[in-house]
Amino acid sequence: MEAGRNHSCGAGCSHHHPPPDSGRPSPALLEVRDVSVDYEDRAVLTDISFNLHKGDFGCLIGPNGAGKSTLLKTMMGLVTPTRGKVISHARQIGYVPQQLPLDPGLPLTVAEFLSLKLTQSRFWFGAPKRGAQRARIEAQLDEIGAAHLIDRRLGRLSGGEFQRVLVAYSLLNDPDLLLLDEPLTGVDIRGGFSFDGLLHHLHEHRGITILMVSHDLHLVEHLSDVVFCINRDLCCHGRPDVVLRPDNLAKAYGHMPGMVPDAGGTAFIPIRNIR
Amino acid sequence: MDWFLEFLDLPQMRYAFLVALIAGPLGGLLGSFITLRGMSFFSDAISHGAMTGVTLGFALNLARDVGDPAMQLTLVVFCVGMALFMAWVLERTTLHADTVIAFTYTGSVALGVVLISRLRGYRVLEGALFGDILASTAMDVWIMGGLAVLTAGFLAFNLRPLTLAVVQENLAKIEGYNTRRLNYAFVVLIALVIALLLRQLGALLISGLIVVPAAAARVVAGNFRGMLTISAVFGLIGAAVGIFSSYHLDSPTGPTIVLADVVILTLCLIGSSVASIRAARSAQLARQGRTGLIE
């Protein structure tokens, strides 16, 4: 426990108490209250508290092993917190899991995968070739620009295509809150560019509140309006231009291999983006 | 027609034929999920480990031969216990699945061999190693029927969570399914099927009946539902063709069924290679056609 604390970031960059939030007048859609998660004797998360408000585009950042995915899983009820709780006022939560390797020979088609979400009963016997469910699946894929993938096999999709299908899957129950776990890992640069357009569309036009785990600080700065920086505890939170300052990030990340402060010293940016 | 149905004149052939016609599609259906979940090695381990169940049955004087109902019961208890043990160890250890399965199953086989060497020599194991489907009785047909109903019912009732878990276990959990309970139920089902099929097909061949039709279906199926259907149909065809050929070729029945399954798989592999070569060639021709126009 104590050893865990040595690696955490200690005092935050901005007001830690009372429970931080994005400062918007709209009501909290998700309240994280003093959440701690221990795996066996190892503290993964310690006393995390924050609010996510309706209409926010929030990003969770932090180094590898900081507990970002665990926090998202706690919100989905996949992990039970050791202490504290997550209170959701959302009508429906959509969850886009981290991409895990998929059996390339899996004969499940995109239509079948999506129909698994739409079928509410235990009994499922494949995707219908026509009818209301097929139309619903077509419309959902069309919205995210993936209509052409409908009869493709899941295992044969590229990283970016599979990511889109996972987003389509998470949108099928019409969520007002969308949680995305590192949606940009395994996505090529071109895929990445259209993917942030998709997120922008869901946030601005569908009015979906978003909380996304991301490593791409450039994208975080570009998309989000509130950033939560965690390293076991909440180091820092607030508007991206405040949080993404080198001194704050250094507190959370310690050092950041491959990242340098940008020209104005206001943000870390990946070295690959410097020309 | 007489020539065609002549093999059914023998009463033991009739029972064997019915058992095979039920066991084939049953193995195919179950095998689909075993291969999708990457558990072929798991079912292999149970069927080989079952040899120890057989020797235990002899050693404890529970049964006189492999066909004894008491032996079937011993095997059910032993296989289910072994499956639960392996699943439990896998859940709790950081060791790789292959490693856990290998030590459980080699350990079990080793124990079986040590036990049997103190009993009456290896000959008594022959029936358990290679099986004897022609020894099937009316009782076996009933057992097989019950097993088929159980398997089909389990898969139908759990098709949605099982399929979601194949993509990612968390997706099934989010829909409110208890994936842990489902995993345990699934390994118990595998153990039951293997324990009750051991006498017909033998420890060395059961895996063939389970894995081969599923693998063939996976090669040719266009979607998930298609794979399940084709796998069951291939299982049925393999069983029918195998029994029929074994009568006319005078070859052992169980191995002939597995050979028929392997022939089906080989044909599917050849067919799909030919199809993909043709597709590549026609794509190339189309490209050449386009460049020809530009020139």
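Treat the numbers as computed from the prediction; the structure is a model and nothing was measured.

Per the secondary structure count, chain A includes 9 helices and 11 strands. Residue burial in chain A is summarised as follows: out of 275 residues, 44% are buried. Taking the contacts inside chain A whose residues are at least 6 apart along the sequence as the reference set, 68% of them involve residues at least 24 apart.

As a further point, take helix H4 (residues 132-143) of chain A. Residues and elements named next belong to chain A. Look at H4: 17 Å from first C-alpha to last across 12 residues, which is about the 16 Å you get at 1.5 Å a residue. For H4, every residue scored as buried is listed here: Ile-137, Gln-140 and Leu-141. For H4, the arc enclosing every buried residue in end-on projection is 95°, short of the 170-degree limit, so these residues lie on one face. Exposed residues pointing more than 90 degrees away from the buried face of H4 are listed as Ala-132, Ala-135 and Ala-139.

Accessible area lost when the parts come together is the quantity often used to give the size of an interface. At the junction of the two partners, chain A supplies 21 residues and chain B supplies 20 residues. No other element matches the 3 residues that helix H3 (residues 110-118) of chain A contributes to the side of chain A that touches chain B. Looking at the side of chain A that touches chain B residue by residue, the class counts come to 15 nonpolar, 4 polar and 2 charged.

Here we come to unusual backbone geometry. Residues and elements named next belong to chain A. In this structure, Glu-40 is a non-glycine residue whose phi angle is positive, near 50°. Position of Glu-40 among the secondary structure elements: in the loop between strand E1 (28-39) and strand E2 (42-53). For Asp-47, which is not glycine, the phi torsion reads 45° and is therefore positive. Looking at the secondary structure, you find Asp-47 in strand E2. Looking at Asp-47, the number of C-beta atoms within 10 Å reads 15, which means it is partly exposed.

Another aspect to go through is the pairing of strand E8 (residues 226-231) of chain A. Residue and element names in this part refer to chain A. With respect to burial, E8 is a largely interior element, 6 of its 6 residues being buried. Residues of E8 alternate between two faces, with Val-226, Phe-228 and Ile-230 on one and Val-227, Cys-229 and Asn-231 on the opposite face, all of them buried. Pairing analysis gives 4 bridges linking strand E3 (residues 57-61) to E8, with the strands arranged parallel. Bridging from a neighbouring strand, Cys-59 pairs with Val-227 of E8. Pairing geometry for E8 and strand E9 (residues 233-238), over 5 bridges, is antiparallel.

Let us now look at the environment of Met82(B). Residues and elements named next belong to chain B. Among the secondary structure elements, Met-82 is positioned in helix H4 (residues 69-92). Considered as a pair, Met-82 and Ala-50 are 32 residues apart in the sequence and their alpha carbons are 8.7 Å apart. Each residue touching Met-82, except ones within four places of it in the same chain, is listed here: Ile-46, Gly-49, Thr-104, Ser-108 and Ala-191.

Time to look at the packing of helix H3 (residues 40-59) of chain B against helix H9 (residues 179-201) of chain B. All names here are of chain B. Packing of H3 against H9 brings their axes to within 10 Å, and their N-to-C directions diverge by 40°. By the angle between their axes, H3 is oblique relative to H9. Crossing handedness for the pair H3 and H9: right-handed. Across from Ser-43, Ile-46, Ser-47 and Ala-50 in H3, the residues of H9 making contact are Ile-190, Ala-191, Ile-194, Ala-195 and Leu-198.

Most of E9(A) is tucked away, with 6 of its 6 residues classed as buried. Here E8(A) folds back onto E9(A), and the loop between the two strands holds 1 residue, one of which, Arg232(A), carries a positive phi near 70°.

Moving on: the confidence of the model for chain A. Residues and elements named next belong to chain A. With 79% of its residues at a pLDDT of 70 or more, chain A has an overall mean of 79. When pLDDT is averaged over each element of chain A, H3 comes out on top at 94 and helix H1 (residues 2-7) at the bottom at 39. Between residues 1-7, whose pLDDT stays under 50, and residues either more than four places distant or in other chains, the model counts 6 contacts. Under a pLDDT of 50 for its full length, residues 14-19 has, in the predicted model, 9 contacts with residues more than four places off or in other chains.

On to helix H5 (residues 97-118) of chain B, then. Taking 1.5 Å as the rise per residue, H5(B) with 22 residues should run 32 Å; its terminal C-alpha atoms sit 32 Å apart, in good agreement. In this structure, the buried residues of H5(B) make contact with H3 and H4 of chain B.

Below, the discussion takes up the sheet that holds E9(A). Residues and elements named next belong to chain A. Pairing is mixed in the open sheet, where 6 strands are placed in the order E5-E6-E7-E3-E8-E9. Both outer strands of the open sheet, strand E5 (93-96) and E9, are each paired with one neighbouring strand and no more. The average angle at which neighbouring strand axes cross in this sheet is 15°, direction not considered. Helix-sheet contacts for helix H9 (residues 246-253) involve E8 and E9, and the interaxial angle to E9 is about 160°.

Definitions and limits used
- Residues numbered from 1 in each chain as written.
- Chains lettered and ligands numbered in written order.
- Predicted model: local features only at pLDDT ≥ 70, side-chain atom pairs only at ≥ 80, totals over all residues.
- Helix = DSSP H or I, 4+ residues; strand = E, 2+ residues; numbered from the N terminus.
- Buried ≥ 20, exposed ≤ 12 C-beta atoms within 10 Å, placed from the backbone.
- Contact = placed C-beta atoms within 7 Å.
- Expected span 1.5 Å × (residues − 1).
- Arc of directions from axis to C-beta.
- Nonpolar A, V, L, I, M, F, W, Y, C, P; charged D, E, K, R; others polar.
- Pairing = 2+ DSSP bridges.
- Axes fitted to C-alpha atoms, helices over the stretch in contact; angles between N-to-C directions.
- Parallel < 35°, antiparallel > 145°, perpendicular 65-115°, else oblique.
- Left-handed = near helix turned anticlockwise from the far one by under 90°.
- pLDDT = per-residue confidence, 0-100.

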